[in-house]
Amino acid sequence: MASGMNGRWLGVVVGVCALLVFGACAEAGPGPGARFRVNFPDPMPMPEHGAEGRLMVFVVRADGPRLELGEMVFSDPQPIYSIAIPNARAGMEALVADQADAFPDVPSALPAGRYRAMVVFRRVRANSSWRREPGNLYSDEVRFEVRDGEARDVRLMLNGIVRDEGVRERRLPGARAPGTGTQVESVEIDSRILEEARGAVSRLRARVVPPMRMEAGRKYPAVYVIHGFGGDFREDAAMEARRRASLQRGSVEQRIREHAYLVFLDGEGPYGHHLFADSANNGPVGRALVEELIPAIEERFAMLGTARGRTVTGHSSGAWSGMWLALTYPEVFGACFVTAPDPIDFRGFQNTDIYREDSMFTDEAGREKPVYRRGGRVLMTVAQENRMERAMGPGAWSAQQWSSWHAAFGARGADGEPVVLFDARTGKIDRSAREHWRKYDMGAMLRDDPERLLPLWRERVRMVIGTEDAYYLERPAMKVWETIERLSADRNEPVTGADGFAPIVFAEGYTHATVQRSDEAGRLRGLLARWVEGAGE
């Protein structure tokens, strides 16, 4: 299990059907396949009067390559089942059967075979990963077998609890921050802006890593780093520790770290990554960042505190966030240096033009649209990904990738939840939801307001993306690039900035995972090094 599942809650004694050996009993039942009987612990480490949440059963094949258990499997989609639990109590048993939200089909349709399973009781909504939500319960892995014509009862015991957010933070080698005894500084503040919008206490969090060589009386630029979807700002800080220990003298990476603070931002929320875009569902998260968290950081550290002294970087959802911040708050951030952003033009949103097409799932010929590929082979479709998320919970409950987008770009419904762009079962697009999404379409914004935004793209945005991106993200990027070329030609202006670089560069043959190893990404890091080295001039 991942490090987030770090607190085993012991002291539970439950006697059930030889669970220590195989975790399942053959019983007469309504049909073949499986049913899952989930036992809650007694005593139970939750509120005295019960707790509301959702049981999520994850199942993967036991034969063949070992698959990750406890999350969506992109490379080979596996079964997921869930039910709502309005009032969990100590010692109760819940049945997850054909009444459950399910992918790809109900439990009784589970084909014959050998499987591994676990269950999660998610009662906390704060992160894209249940493993980083303290208070969630989970079970051990159980193996079972389904035989043709035989119903299988699988018993699962919630005997584990997520004790904390599951991230170990490490000290960094090199210079120490003035007046402190640690190398990584934690900054956490209550946000008045978000509390007023959400009606609940909300925290803004970051980790600050100082320059490797600090001089007394000197101020330094700051590079704001935003993690991708499913990432974590503290894990990124831990990775930074390993990176600094092996930096090559005189390398671009060392130059960046000698001349700048690195500030790792927390982009997580109840619906997953909030993208630092002010929205009806997440609240004014971008405004809170620039008006509350950044001033608090700059008050504490020796930073320049100017737009020229602030830049933002990230990959994937972190890249989209960085571009959004650079274009929305040009008086705060002087530039962004990013790779492989989420869709930046919604005419190419995961292979769909949301304005012209009626289905997110199928094309005009009725073929399912791909969403994830590897080595030229389609491994998952848009329909599969969304139905897996739907199996974890209704609407935007799952806090997975599409939940993140629905919450960031969509309106807020009468029930207080995001209005989704399309039906997760059929893929039919809600035409009334399109215009709300358009507010976050960076390609549309550029087309609507080129006089203001074209210069910002030319001088402030530096992005690299692979031509074989696993999630087809090069396609919306190409649409924006075509817009930039057309608008620049209409004005008889260059597409490149004063530094001689274009705002969007395509790395031939590189994927979502490998683009950062491309020569183009190497040049991008070189630009960032030059940026921070010249920030104080």
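Visitor: I'd love a proper account of the overall build of the protein chain, names of residues and values included.
Guide: Check the secondary structure of the protein chain and you find twelve helices and 23 strands. Burial statistics for the protein chain: of 537 residues in total, 58% are counted as buried. Look at the contacts in the protein chain between residues 6 or more apart in sequence, and 73% of them connect residues 24 or more apart. For the protein chain, the exposed area adds up to about 22,200 Å²; of that, 48% sits on carbon and sulfur atoms.

Visitor: Can you explain the environment of arginine 460? Please cite residues and give values.
Guide: Take arginine 460: it is sitting in helix α10 (residues 450-460). Here arginine 460 falls in the partly exposed class, since its relative accessible area comes to 23%. For arginine 460, the contacting residues outside a window of four places in its chain are Pro330, Phe333, Gly334, Ala335, Cys336 and Pro455. A polar contact of 3.1 Å, which involves the side chain of arginine 460, links it to the backbone oxygen of phenylalanine 333.

Visitor: Give a description of the pairing of strand β13 (residues 203-209) that names residues and reports values.
Guide: Counting buried positions along β13 yields six of seven residues, so the element is predominantly enclosed. Pairing of strand β12 (residues 185-190) with β13 involves six bridges; the strand directions are antiparallel. Bridging across to β13, valine 187 finds its partner in alanine 206. As paired strands, β13 and strand β15 (residues 261-265) are joined by four bridges and run antiparallel to one another. Its bridge partner lying in β15, valine 208 is registered against valine 263.

Visitor: Break down the side chain of threonine 483 for me, with residues and values.
Guide: Here threonine 483 lies in helix α11 (residues 474-490). Of the polar contacts made by the side chain of threonine 483, one reaches the backbone oxygen of lysine 479; its length is 3.1 Å. Threonine 483 has contacts with Arg347, Leu446 and Arg447, leaving out every residue within four places of it along the chain.

Visitor: With reference to specific residues and values, describe helix α6 (residues 382-392).
Guide: Where burial is concerned, most of α6 is hidden: nine out of the eleven residues are buried. Taken as a whole, α6 has its buried residues at Val382, Ala383, Glu385, Asn386, Met388, Glu389, Arg390, Ala391 and Met392. Contact partners of the buried residues in α6: β4 (51-61), β5 (80-88), β7 (101-103), β20 (370-374), β21 (377-381) and α7 (401-409).

Visitor: How would you explain the pattern of salt bridges if you had to name every residue and give the values?
Guide: Within the structure shown, the criterion is met by 52 salt bridges. In this structure, glutamate 533 and arginine 255 form a salt bridge, with 2.7 Å as the shortest nitrogen-oxygen distance. Note that glutamate 533 is positioned in helix α12 (residues 519-534) and arginine 255 in helix α3 (residues 252-259), a separation of 278 residues in sequence. Using a relative accessible area of 27% as the deciding quantity, one classes glutamate 533 as partly exposed. Its relative accessible area of 25% is what places arginine 255 among the partly exposed residues. Overlapping salt bridges bring together Arg35, Arg37, Glu93, Asp153 and Arg155 as one network.

Visitor: Summarise the packing of α10 against α11; cite the residues concerned and give the values.
Guide: For the pair α10 and α11, interaxial distance at closest approach is 11 Å and the crossing angle is 110°. One element, α10, and the other, α11, form an angle in the roughly perpendicular class. Where α10 crosses over α11, the two elements pack in a sense that is left-handed. Taken together, the residues of α11 that come into contact with α10 (itself represented by Pro450, Leu454, Trp457 and Arg458) are Val480, Ile484, Leu487 and Ser488. In the contact of α10 with α11, the residues fall into six nonpolar, one polar and one charged.

Visitor: Can you explain α12? Please cite residues and give values.
Guide: Taking 1.5 Å per residue, 16 residues should reach 22 Å; α12 reaches 23 Å between its end C-alpha atoms and fits that length. Along α12, the residues that are buried comprise Glu520, Ala521, Leu524, Gly526, Leu527, Leu528, Ala529, Trp531, Val532 and Gly534. Contact partners of the buried residues in α12: β14 (222-226), α3, β18 (310-315), β19 (335-339), β22 (461-466) and β23 (504-507).

Visitor: Summarise unusual backbone geometry; cite the residues concerned and give the values.
Guide: Aspartate 42 connects to proline 43 through a cis peptide bond whose omega is 5°. Structurally, the position occupied by proline 43 is in the loop between β3 (33-39) and β4. Going from phenylalanine 103 to proline 104, the amide bond is cis rather than trans, its omega being -10°. Within the fold, proline 104 resides in the loop between β7 and β8 (113-122). The phi torsion at alanine 399 lies on the positive side, around 65°, for a residue other than glycine. Here alanine 399 is to be found in the loop between α6 and α7. Given a relative accessible area of 0%, alanine 399 falls into the buried group.

Visitor: Can you tell me about the confidence of the model for the protein chain, naming the residues and giving the values?
Guide: Low pLDDT marks stretches whose predicted atomic positions should not be read closely. Considering every residue of the protein chain, the mean pLDDT works out to 90; 90% of them sit at 70 or more. Below pLDDT 50 for its whole length, residues 1-30 participates in 77 contacts with residues either more than four positions away or in separate chains. Between residues 167-182, whose pLDDT stays under 50, and residues either more than four places distant or in other chains, the model counts 41 contacts.

Visitor: Which residues make up the sheet that holds β12, and what are the values?
Guide: A sheet is described by the order of its strands in space; here eight strands give the open sequence β12-β13-β15-β14-β18-β19-β22-β23, paired in mixed fashion. In the strand order of this sheet, the two ends are held by β12 and β23, each with one partner. The average angle at which neighbouring strand axes cross in this sheet is 20°, direction not considered. The strands touched by helix α4 (residues 285-300) are β12, β13, β14, β15 and β18; relative to β12, the strand with the most contacts, the crossing angle is about 135°. Against the sheet, α12 makes contact with β14, β18, β19, β22 and β23, and its axis sits at roughly 155° relative to β19, the strand it touches most.

Parameters at a glance
Residues numbered from 1 in each chain as written. Predicted model: local features only at pLDDT ≥ 70, side-chain atom pairs only at ≥ 80, totals over all residues. Heavy atoms only, no water. Helix = DSSP H or I, 4+ residues; strand = E, 2+ residues; numbered from the N terminus. Buried < 20%, exposed > 50% of the residue type's maximum accessible area, 1.4 Å probe, protein only. Contact = heavy atoms within 4.5 Å. Areas by Shrake-Rupley, 256 points an atom, 1.4 Å probe, with all protein chains shown as cover. Polar contact = N/O pair within 3.5 Å; in protein donor to acceptor, adjacent residues only side chain to side chain. Pairing = 2+ DSSP bridges. Salt bridge = Lys/Arg side-chain N within 4 Å of Asp/Glu carboxyl O. Axes fitted to C-alpha atoms, helices over the stretch in contact; angles between N-to-C directions. Parallel < 35°, antiparallel > 145°, perpendicular 65-115°, else oblique. Left-handed = near helix turned anticlockwise from the far one by under 90°. Nonpolar A, V, L, I, M, F, W, Y, C, P; charged D, E, K, R; others polar. Expected span 1.5 Å × (residues − 1). pLDDT = per-residue confidence, 0-100.

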